[in-house]
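Inside the fold
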Amino acid sequence: MPYLHMKQRVKQLCDTLITYQVDHLVESWEGGIICPSCKRIHGRCGDAIFPMYYMAVETGEERYRHSAQKLVQFMKRNQLFDGSWLNDEPSTWKGTTVFQTLSLCHAYDYLNDNDEADEAAALLDMIEKAAKWITWAFCEGGIAQTNVNYFITTGAVLQWCSQILNNADYAREAKKLMYWSLEQINKDGFIIGEAKYTNRPHDNIDIGYNFDMSIGAMAEYYLLTGDTQVKEATLRVLRAHIQMIYPDGSMDNSFGSRGYKWTLYGSKTAHGCQMALMMLCDEDPAFAEAADRNAHYVASCMNKDGMVGYGPHHEAIFDKSCIHTTFNRADAFAVALVYGKPIPESSLIPSDHIFGLKQFPSLNTYHARTESLMATVTGFGANNAPTGGSISYLWHNTLGPLQIGSATTYERSEVFNMPEYPGTYRGTTTPRIEAVIQGTNYGSLYEYEAAIAADEDRTSLHVYGRLKPLQQPIQIDSRAAYSIHYRFYDQKVEKTYRFDVQFPMDRLSIIEPFVIQSDTSTARDNSGIVMETSGTTVTVKGEGSPFIFNTEQEGATIAAVFPAVMCTPVQWTMENVLPGNYEFTVSISVQ
Ligand SMILES: [Zn+2]
């Protein structure tokens, strides 16, 4: 019942948005939607116009129509003379105009289809002005370089504008952009070009933005034009990206180039994978199933205020949530409901299959899948993201996430879209190796060139890397190589760390944070810990060279902001490490 569920979610999200819509408070804010977390009106709140009109037509309830009309008036007042909208003042970024225009085009089309021509006509003026600015920005070099999802979305938006405004020039520009977009698809079917804060030119792939925004725009362009070349490319891209949906519907963007906004269901300020998957669900039954499971995962991350949080433990970390995600997901679900295809019979998704190991060469990443477990091991080179051959996502079929990577350092690189961490932030949740050599910090998370290889039996992986320094670009060789041998069993993972230390170290640590639920109890057990959650036990043991279990960390909790999860850090440390070879095995068993 994917559509029924999505419809319920649109209603719930729109009800939340109405609660936060300004009503006779401040004249200039009238009709805008206030963010209770950021204490501002995000420029993108106009994205809610389409889902609000969708609810108005579907239910006939006046409050939705009233809300949509007020939002339209707010957007009209705030459209700048050049046709654009500011994203978040005082930032001067206006590129997000393309998303607001997409919502207006959907609303215009939907209202006309439902005998609401007068209501639709009120949007035309805004669309006309915005189309001119978008063309200047993304076709004529006004904004020559930005993340690829803007250009791909512009392809879909200008095609809409061409049809709505009866202007063939926009269709020509749309086609040029869409065909350029096809060239941004790599050999594995991943779209490259989410390039902000990139570490190296080829490490600019973000599953979240691709899935939640770019592929939806590609699918929409195909539906509008019938272009079979775009259709075939979109199907290839979707089949690559759908492999990143874990069995519970969560999306693996643990290594992504914009993973700093990864929420486990997608990217915080993007729309949602339901657009792409449902517009093409008649091509592959797995698409509808993946969309449905992800929609349920989104729902599981909603807080008591009816807002979508930043991950499964949002409420344990934050009092409030940014409302941005709430209007974006409402928009994506409404688009899927209106433009999605009939649903074929239900089907498995790729991660349901017990495939052993799967390699994604262009991501330097493997997935492992056993009866009960799934894992991502990554050496992808995105800056400040899990890498170095870490397990960036370890999932169990009854417990959900067991280990989860997050930004190596939490930096509010998009200050309006990334909240302050409440309290003292205590580091990343990514499993890793850390060392101190002559007072300088080194670690596996600064190793962007780890080699990962599968055993012939296809049940274990070998990672090879060197401990690299935190401070860049000063490269001082640690003279310390490491390898990690991962063995995946039905209910168990073993990680054997091996070190070749050629220079004395002050300290060498293996750090393994584990996700804990609100009802998880933890207890010390010899050289590790035992965690019990709702009758399921996870036993973590460390054995080998004389690393000492760090009792200072015992029972401590840490959290990641994106995705919002609570973890307990488990750490084994060796002080004053002399040159030599060391080996230590961490085993994680679930019973
Ligand atoms: Zn906000």
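Residues numbered from 1 in each chain as written. Predicted model: local features only at pLDDT ≥ 70, side-chain atom pairs only at ≥ 80, totals over all residues.

1. What about the overall build of the chain?
Within the chain one finds 13 helices and 22 strands. In terms of overall size, the chain behaves like a compact globule, its C-alpha atoms giving a radius of gyration of 24 Å where 591 residues would be expected to give roughly 25 Å. Buried residues in the chain amount to 55% of all 591 residues. Partitioning the intrachain contacts of the chain with sequence separation of at least 6 by distance along the chain shows that 67% fall at a separation of at least 24. (Helix = DSSP H or I, 4+ residues; strand = E, 2+ residues; numbered from the N terminus. Rg over C-alpha atoms; globule rule 2.2 N^0.38 Å. Buried ≥ 20, exposed ≤ 12 C-beta atoms within 10 Å, placed from the backbone. Contact = placed C-beta atoms within 7 Å.)

2. Details of the domain arrangement of the chain
The domain architecture assigned to the chain consists of domain 1 (2-346) and domain 2 (356-413 + 423-590). A C-alpha centroid distance of 35 Å is found between domain 1 and domain 2. Between domain 1 and domain 2, the contact holds 34 residues from the first and 34 residues from the second. In the side of domain 1 that touches domain 2, the residues fall into 14 nonpolar, 12 polar and eight charged. (Domains from an automatic or database assignment. Nonpolar A, V, L, I, M, F, W, Y, C, P; charged D, E, K, R; others polar.)

3. A word on the environment of Y108
Relative to the helices and strands, Y108 resides in helix α4 (residues 97-113). The buried category is assigned to Y108, around which 26 C-beta atoms lie within 10 Å. Remark: the alpha-carbon pair of Y108 and Y53, spanning 55 residues in sequence, is separated by 9.6 Å. The contacts of Y108, once residues within four sequence positions are left out, are A120, L123, I127 and I164.

4. Observations regarding unusual backbone geometry
Along the chain, F562 connects to P563 via a cis peptide bond; the corresponding omega equals -10°. Phi is positive for N526, which is not a glycine, with a value near 50°. Here N526 shows up in the loop between β16 (521-525) and β17 (528-533).

5. Examining the packing of helix α1 (residues 2-19) against helix α13 (residues 324-339)
Across the interface, α1 lies against α13 with an axial gap of 9 Å and an inter-helix angle of 145°. Between α1 and α13 lies a crossing of left-handed hand. In contact with Y3, M6, K7, R9, V10, L13, C14, T16 and L17 of α1, α13 contributes T326, F327, R329, A330, F333, A334, A336 and L337. (Axes fitted to C-alpha atoms, helices over the stretch in contact; angles between N-to-C directions. Left-handed = near helix turned anticlockwise from the far one by under 90°.)

6. Structural notes on the nonpolar core
Ranked by internal contacts, the top residues of the largest apolar core, which has 190 residues, are I49 and L277. Of all the elements, helix α8 (residues 207-225) adds the most residues to this core, at 11 residues. Sequence-distant contacts of I49, that is, excluding residues within four places in its chain, are made with A68, L71, V72, M75, S103, L104 and A107. (Core = buried A, V, L, I, M, F, W, Y, C linked by C-beta atoms within 7 Å.)

7. Quick notes on the sheet that holds strand β7 (residues 400-404)
Read from one edge of the open sheet, five strands run β3-β4-β5-β6-β7, paired in antiparallel fashion. Two strands lie at the open edges of the sheet, namely β3 (356-360) and β7, each paired on one side alone. Across this sheet, the average inter-strand angle for adjacent strands is 15°, counted without regard to direction. Looking at chain direction, strand β4 (residues 365-369) and strand β5 (residues 373-378) are connected through five bridges and run antiparallel. Note that in β5 the partner of R369 across the bridge is M374. (Pairing = 2+ DSSP bridges.)

8. Looking at α13
The end-to-end C-alpha distance of α13, which contains 16 residues, comes to 23 Å, matching closely the 22 Å that a straight helix rising 1.5 Å per residue would cover. The element α13 is extensively covered by neighbouring structure, given that 14 of its 16 residues are classed as buried. (Expected span 1.5 Å × (residues − 1).)

9. Re the sheet that holds β16
Sheet architecture is open: eight strands sit in the order β10-β11-β13-β14-β22-β18-β17-β16, paired in antiparallel fashion. The open sheet has two edge strands with one neighbour each: β10 (451-454) and β16. For this sheet the average axis-to-axis angle between neighbouring strands, irrespective of direction, equals 15°. Across 10 bridges, the pairing between strand β14 (residues 492-501) and strand β22 (residues 580-590) is antiparallel. By the bridge assignment for β22, V501 is matched with G580.

10. Looking at α8
Spanning 19 residues, α8 covers 26 Å between terminal C-alpha atoms, matching the ideal 27 Å at 1.5 Å per step. At S214, α8 shows its maximal kink, close to 35°. Positive phi shows up at G226, right after α8, with a value of about 75°. (Bend = angle between axes of the 7 residues up to and from the residue.)

11. Details of the pairing of strand β13 (residues 480-488)
On β13, burial follows the alternation: A480, Y482, I484, Y486 and F488 on one face are buried, whereas A481, S483, H485 and R487 on the facing-out side are not. When β13 meets β14, the two strands line up antiparallel, connected through nine bridges. Residue pairing for β14: H485 is matched across the bridge by T496.

12. Quick notes on the environment of L399
Structurally, the position occupied by L399 is in the loop between β6 (390-396) and β7. Given 19 C-beta atoms within 10 Å, L399 falls into the partly exposed group.

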